[in-house]
Amino acid sequence: MAAKKEEEKFPFEIGPMYEGERIREKDMFVELAGPKSFGFELVQVVSANEVEDGKATVMGPDIKDMKEGGRYPYAMVYKVAGKDLEKDLEAVIERRQHELQGYIQGYMHLNQRYDIWIRISKDAVKKGLTSLAQISKATMKLFKSELPFIEKMEAIYITDEAEVRKRKEDAMKVYTARDERARGLHDEDVDTFYGCTLCQSFAPTNVCIVTPDRVSLCGAMTWFDTRASAKVDPEGPNFAIPKGTCIDAVGGEYSGINERAVQLSGGAFSRVKLHSFFEYPHTSCGCFEVIGFYIPELNGLGFVDRGYTEITPNGLPFSTMAAQTGGGKQTYGFLGIGIGYFRSPKFLQADGGFKKVVWLPKKLKERIKDGIPQDLYDKIATEENATDLASLKKFLEEKSHPVVATWKKEEKAEELPVEVEAEASSAAQSLMSMPVGAMGAAGGGGIRIILKNAKVKIDKVIVKKS
Ligand code: SF4
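Residues numbered from 1 in each chain as written. Predicted model: local features only at pLDDT ≥ 70, side-chain atom pairs only at ≥ 80, totals over all residues.

(A) A look at the site of the ligand. Around the ligand, the surrounding shell consists of Arg95, Cys196, Leu198, Cys199, Cys208, Ser216, Leu217, Cys218, Ala220, Met221, Cys285 and Cys287. A class-by-class count of the residues in the shell around the ligand yields 10 nonpolar, 1 polar and 1 charged. (Near = placed C-beta within 6 Å. Nonpolar A, V, L, I, M, F, W, Y, C, P; charged D, E, K, R; others polar.)

Have a look at this one:
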């Protein structure tokens, strides 16, 4: 990958060995976009005469003008042309930027679309990185060598605050249009789903399955996008998965997915249910836009997006839960999803869909308003209604949220004698995987552990007062 010529030309090395490089705050020269500022990345397919091949424009303060330790808005816009290029490939090229910019030494690229988060290291600046044009030229070379169907490419990088803000509004319309295109199509209408293993570089067992009713967890790839990618780049990270036999229509289990999942995860898991939180859930790499978390005390699901940095009612912020959720495993109790999945008619239908959702950050709730059934909208709490389990429990009772009816059933079930005979069920695993600090708070003290059909072997337990 790392062409010798490129290494000589740029003041940084380029190659897959830098993929996954993390730049800590103390080592960063500047931060671009990210949670404390804003930005986006956008690829647009245009006709050949609209692209000046290789041209790199920087609008706003460049690296040499930036203050060390500063944070700046940031947009990366590319115009691409090529006879085999079609609109569906815009999202695919855009998503590959995460991988390819990761090859640049001293430059950290995280997330996608409107969530991008970039850091440039002090070392890179010391070695001669003075302009974002150096980054964009290196990126364009990487794109053209990796995706030969891009014949012409031009980059416009923007740090001017007003310009980023204005262009971001237009970019949001483009993302929305892409997502809406997939909404008229459903899992039962197609014979083929698509897979993505792009994130296996840091989550080696993760296999994303993208279907008409389940957008990728990074939110960047719809079924149409992955289909276009698999067609134009058959050796790339996207590939077709024939559905095979439907094993569970509600949970979304198909023999074709199970076969590919075993093969591509290296045997880490053998079954996947696309629309289930508790049984054989989809894996999560680390790029999820939103984390879902089970709240055992309330038998409900909370969801938190990257933009919400406060503590959620289970006592944890997004960043802490991200460590539990990611890594490419089937994690019971946590699930990474893309924002578009909230609008799917099959959204977690195996668990009751929105009837199970008890908490969302206010901004996220407003953003997905059109996906939430009208009769449930006011029954789902936000940070304005509840900030801990006790206040959330009170809110749900006052609003007669559907999960409240399940509490009574749970209480009855507790009176039954415990049968300890089977292997741990996935529900038990989900309870066991919940952080201890999150358990028992709704009851106002103490810890309540419910084990159903569980087989537990413990050599020693030490409980200390904190
Ligand atoms: S999160 Fe999934 S769909 Fe998105 S780039 Fe990574 S592997 Fe592909």
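Still to come is the rest of the account.
(B) Expanded view of the packing of helix α2 (residues 89-101) against helix α6 (residues 223-232). Where α2 contacts α6, the two axes come as close as 8 Å, and the packing angle between them is 80°. As judged from the angle between their axes, α2 and α6 are roughly perpendicular. Residue-level contacts link Leu89, Ala91 and Val92 of α2 to Asp225, Ala228, Ser229 and Val232 of α6. Considering only residue class, the contact of α2 with α6 consists of 5 nonpolar, 1 polar and 1 charged. (Axes fitted to C-alpha atoms, helices over the stretch in contact; angles between N-to-C directions. Helix = DSSP H or I, 4+ residues; strand = E, 2+ residues; numbered from the N terminus. Parallel < 35°, antiparallel > 145°, perpendicular 65-115°, else oblique. Contact = placed C-beta atoms within 7 Å.)

(C) Inspection of the sheet that holds strand β16 (residues 334-337) at higher detail. The mixed open sheet is built from 4 strands, whose spatial order is β16-β14-β15-β17. Only two strands of the sheet have a single neighbouring strand rather than two, namely β16 and β17 (357-359). Across the sheet, the mean angle from the axis of one strand to that of its neighbour is 35°, orientation sign disregarded. Seen against the sheet, helix α8 (residues 318-325) touches β14 (290-295), β15 (300-305) and β16 and runs at an angle of roughly 85° to β14. (Pairing = 2+ DSSP bridges.)

(D) Main features of the confidence of the model for the protein chain. Mean pLDDT over the protein chain stands at 88; residues scoring 70 or higher make up 87%. The low-confidence segment residues 1-7 (pLDDT under 50) makes 12 contacts with residues lying over four places distant or belonging to another chain. Overall, residues 416-446 carries pLDDT values under 50, and its contacts beyond four positions in sequence, including any with other chains, amount to 60 contacts. (pLDDT = per-residue confidence, 0-100.)

(E) The environment of tyrosine 308, seen in detail. With respect to the element layout, tyrosine 308 can be found in the loop between β15 and α8. Linking tyrosine 308 and phenylalanine 318, residues 10 residues apart in sequence, is a C-alpha distance of 7.2 Å. Residues within four places of tyrosine 308 in sequence aside, it is in contact with Phe318, Pro361 and Leu364.

(F) Highlighting the environment of proline 296. Take proline 296: it is sitting in the loop between β14 and β15. When the C-alpha atoms of proline 296 and glycine 333 are compared, they prove to be 8.9 Å apart, with 37 residues separating the residues in sequence.

(G) View of helix α4 (residues 132-146). When the terminal C-alpha atoms of α4 are compared, their 21 Å separation across 15 residues agrees well with the 21 Å that a helix rising 1.5 Å per residue should span. Leu132, Gln134, Ile135, Ser136, Ala138, Thr139, Met140, Leu142 and Phe143 are the residues of α4 that are buried. (Expected span 1.5 Å × (residues − 1). Buried ≥ 20, exposed ≤ 12 C-beta atoms within 10 Å, placed from the backbone.)

(H) The nonpolar core, seen in detail. Residues Ile209, Val210, Ile291 and Val358 are the most contacted members of the largest nonpolar core, which totals 118 residues. When residues of this core are sorted by domain, at least three fall in each of domain 1 (4-181) and domain 2 (187-416). Those residues in contact with valine 358, other than ones at most four positions away along the chain, are Ile295, Leu298, Gly300, Leu301, Gly302, Ile380, Ala381, Leu392, Leu396, His401 and Val403. (Core = buried A, V, L, I, M, F, W, Y, C linked by C-beta atoms within 7 Å. Domains from an automatic or database assignment.)

(I) Structural view of the sheet that holds strand β10 (residues 208-210). Reading across the sheet, the 3 strands line up as β10-β9-β11 and stay open at both edges, with antiparallel pairing between neighbours. Both outer strands of the open sheet, β10 and β11 (238-242), are each paired with one neighbouring strand and no more. For this sheet the average axis-to-axis angle between neighbouring strands, irrespective of direction, equals 35°. As judged from the 5 bridges shared by strand β9 (residues 192-196) and β11, these two strands associate in the antiparallel manner. When the bridges of β11 are listed, threonine 192 appears paired with proline 242. Along the sheet, helix α7 (residues 255-264) makes contact with β9, β10 and β11, crossing β11 at roughly 135°.

(J) Spatial organisation of helix α5 (residues 161-181). For α5, with 21 residues, the first-to-last C-alpha span of 31 Å sits near the 30 Å given by 1.5 Å per residue. Every buried residue belonging to α5 is among Val164, Tyr175 and Arg178, and all of these are buried. Where α5 is buried, its residues touch β2 (39-45), β5 (74-81), α2 and β8 (152-158).

(K) Spatial organisation of the packing of α2 against α4. Following both chains from N to C, one finds α2 and α4 inclined at 110°, their axes separated by 10 Å at the closest point. For the element pair α2 / α4, the angle class is roughly perpendicular. Read as a crossing pair, α2 and α4 show a hand that is right-handed. The segment α2 lies against α4, with Arg96, Gln97, Leu100 and Gln101 engaging Thr139, Leu142, Phe143 and Glu146. Each residue belonging to the contact of α2 with α4 can be placed in one class, and the counts come to 3 nonpolar, 3 polar and 2 charged. (Left-handed = near helix turned anticlockwise from the far one by under 90°.)

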